[in-house]
Amino acid sequence: MASRSTQILEAAARVIARRGVRGLRVEELAEEAGVSTALIYYHFKDRTGILRKTLEFISDRAERYTAQRGPDAEPLGPREELDQTLLLELQDTTEVRENSSAWGELRASAVFDEVLHEDLARATLVWVQEVAVLLGRVQPMAPAVALTAAAERLTALLEGLSMRWLSGTLQIAHARTLMSDAIDAEVERLGR
């Protein structure tokens with residue numbers, strides 16, 4: 001059974017994905033989570049606390065579903081691990097749709113919210129670093145600065161493709177093809 005705070009964060013991700021950050025009302029969140037508003041304030045203090053912890057929650061959840069493998073699965077090679085990590089962000093499941101929508105909403109809100117701006121910058125930096133490490137396993141002789149630049153391009157592209165897919169302007173299969181092509185191009189570029 002999920003803890004109360006996890007239950008609230010799952011509900012916050014759903015509400016943000018459905019109504020946006022501006023549409024997040026603590027009363028609606030309490031109803032969605034099946035808890036009292038007092039319990040939400042007990043765990044998160046205020047609306048900013050809810051948003052900050054929801055950003056952390058969706059980042060952690062994305063890390064889990066992009067690294068998910070069966071217990072009997074063969075280990076992945078470096079390139080397969082890179083592909084899986086990035087392409088599993090583009091899968092048509094409720095969890096991924098919800099996560100991607102909430103991430104996009106929180107990113108857009110960070111433009112106007114200094115606290116979210118800092119938290120999002122940290123979360124993005126961690127993501128870029130994780131992808132740079134994966135790229136470094138594929139191209140171990142590439143300089144660190146080149147790995148980071150490639151990771152920044154790939155993560156930015158992935159966010160853009162995800163938003164186009166979620167908004168209905170790009171089919172998911174085409175988004176995945178574009179992402180695969182970009183991974184190929186970045187790996188080749190690092191190999192030069």
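## Let's talk about the packing of aromatic side chains
Summed over all chains, the structure comprises 1 aromatic pair. Where tryptophan 103 meets tryptophan 127, the ring centres are 6.3 Å apart and the plane angle is 75°; that geometry is what we call edge-to-face. Here tryptophan 103, found in helix 6 (residues 94-110), pairs with tryptophan 127, found in helix 7 (residues 114-138); they are 24 residues apart in sequence, far enough to count as distant. Cation over ring: arginine 22 sits above phenylalanine 112, and NZ or CZ is 6.0 Å from the ring centre.

## Concerning the side chain of aspartate 119
Of note, aspartate 119 is situated in helix 7. The residues touching aspartate 119, leaving out its near neighbours within four places in the chain, are Arg52 and Leu55.

## Quick look at the environment of isoleucine 16
As for its position among the elements, isoleucine 16 is in helix 1 (residues 4-19). C-alpha of isoleucine 16 to C-alpha of asparagine 99: the two residues are 83 residues apart in sequence and 9.3 Å apart in space. Not counting residues within four places of it along the chain, the set of residues in contact with isoleucine 16 comprises Val21, Leu24, Leu51, Thr54, Ala102, Glu105 and Leu106.

## Topic: the nonpolar core
Leu82, Leu86, Leu135 and Met179 are the most contacted members of the largest nonpolar core, which totals 30 residues. Among the elements of the structure, helix 4 (47-67), helix 5 (78-87), helix 7, helix 8 (144-166) and helix 9 (172-190) are those that each provide at least two residues to this core. The contacts of methionine 179, once residues within four sequence positions are left out, are Leu86, Leu87, Leu90, Leu154, Leu157, Leu158 and Leu161. Among the nonpolar cores identified, the runner-up in size contains 28 residues, and Ile8, Ala13, Phe44 and Ile50 belong to it.

So, how was this worked out
- All residue numbers refer to position in the chain's written sequence, counted from 1.
- The predicted nature of this model means local features are confined to residues of pLDDT at least 70 and side-chain atom pairs, given and counted, to a pLDDT of 80 or more, with totals for whole chains, interfaces and linings taken over all residues.
- As a rule here, side-chain values cover all heavy atoms of the structure and leave hydrogens and water aside.
- Aromatic rings from Phe, Tyr and Trp, with only the six-membered ring used for Trp, were paired whenever their centres fell within 6.5 Å, and each pair was classed as stacked if the ring planes differed by under 30 degrees, edge-to-face if by over 60, and tilted otherwise.
- Secondary structure counts use DSSP, requiring at least four H or I residues in a row for a helix and at least two E residues in a row for a strand, with both numbered from the N terminus.
- For a lysine, the NZ atom is tested; for an arginine, the CZ atom; a charge sits over a ring if that atom is within 6 Å of the ring centre and within 35 degrees of the ring normal.
- Contacts are residue-level and defined by heavy atoms, with any inter-residue pair within 4.5 Å sufficient.
- For our purposes a nonpolar core is just a set of buried Ala, Val, Leu, Ile, Met, Phe, Trp, Tyr and Cys residues, chained together by side-chain atoms within 4.5 Å.
- Here the term buried applies to any residue with accessible area under 20% of the maximum for its type, exposed to any over 50%, and partly exposed to those in between, with areas from a 1.4 Å probe on protein chains only.

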